[in-house]
Amino acid sequence: KSWTTLDGLPSNEITALAQTTDGYLWVGTSAGLVRFDGARFKLFGREHGLSGMPIAELQALPEGVLWVKDKRMDRYWLRNGRFVQDTSPWRFIVAGEDGNTYGYSNREVAILKDGVGVNPIPFPVQWNSIAGSLQVTKKGEIWMLVKHQGETVEVWFYSDGKWRKREECTRMLQQGSSGYLLGSDRGGGTWFIVH
């Protein structure tokens, strides 16, 4: 079975998906955010506290909270059935393979508990324009791929309380026109896409 605008989607262009712990599937589209219960779509917009802009990212946190980022880079938390604007410094949120949820900005990364950063770890440098990706392995090691103006610049690795620049990964990624950090495998290796 497939669903389209004929079934209640506001747009057939899907931009993000997340499932919250209550079982609802949240669907980000180019025309806004909807919640799907398996049969019907419910549209969420300005009357629920959202901007009504196209959705860029969705993250469902283990404690049942939903985080939404729209194309204008405005961010929201779904709490008690209402969306409230996220005023924290976290521009990005990622689910770590260690079971924690992480928020990060251009200055630091932290484990999130109910949307609040716990014991933030400062980055080795403050990146003025961060457009990268962050992954956390099952062991809690943090990999950070930093891009500047669309070009991959550096790969950093955090373990045992220290940041280290991974020169061999940086050189490999700079050979391509673009690179992406995927995550780790069962053997502990870290995977990148280079093209």
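The structure presented is a predicted model; accordingly, all values stated were derived computationally and were not measured.

1. So, the packing of aromatic side chains
Overall, the coordinates contain 9 aromatic pairs when judged by the stated rule. Ring centres of W26 and F83 lie 6.1 Å apart, and the angle between their planes is 85°; this geometry places the pair in the edge-to-face category. Here W26, found in strand β2 (residues 25-29), pairs with F83, found in strand β8 (residues 82-85); they are 57 residues apart in sequence, far enough to count as distant. There is no split in this pair, since W26 and F83 are both buried. Three or more aromatic residues joined by ring pairs make a cluster, and in this case those are W3, F36 and F41. The positively charged end of R35 is found above the aromatic ring belonging to Y24, 4.1 Å away from the centroid.

2. Looking at the environment of L112
By the secondary structure assignment, L112 is in strand β11 (residues 108-113). Taking the C-alpha atoms as reference points, L112 and I93, 19 residues apart in sequence, are found 8.9 Å from one another. Setting aside anything within four residues of it in sequence, one finds L112 in contact with E63, W77, W90, I93, T101, Y102, G103 and G117.

3. Overview of the environment of Y102
Within the fold, Y102 resides in strand β10 (residues 101-104). Sequence spacing of Y102 and F92 is 10 residues, and the spatial spacing of their C-alpha atoms is 8.3 Å. Not counting residues within four places of it along the chain, the set of residues in contact with Y102 comprises F92, I93, V94, G96, V109, A110, I111, L112 and V136. Polar contacts involving the side chain of Y102 include one to the side chain of D98, which spans 2.6 Å.

Procedures and definitions
- Residues numbered from 1 in each chain as written.
- Predicted model: local features only at pLDDT ≥ 70, side-chain atom pairs only at ≥ 80, totals over all residues.
- Heavy atoms only, no water.
- Phe/Tyr/Trp six-rings, centres within 6.5 Å; stacked < 30°, edge-to-face > 60°.
- Helix = DSSP H or I, 4+ residues; strand = E, 2+ residues; numbered from the N terminus.
- Buried < 20%, exposed > 50% of the residue type's maximum accessible area, 1.4 Å probe, protein only.
- Lys NZ or Arg CZ within 6 Å of the ring centre and 35° of its normal.
- Contact = heavy atoms within 4.5 Å.
- Polar contact = N/O pair within 3.5 Å; in protein donor to acceptor, adjacent residues only side chain to side chain.

Function cannot be read off these values alone, since they describe shape.
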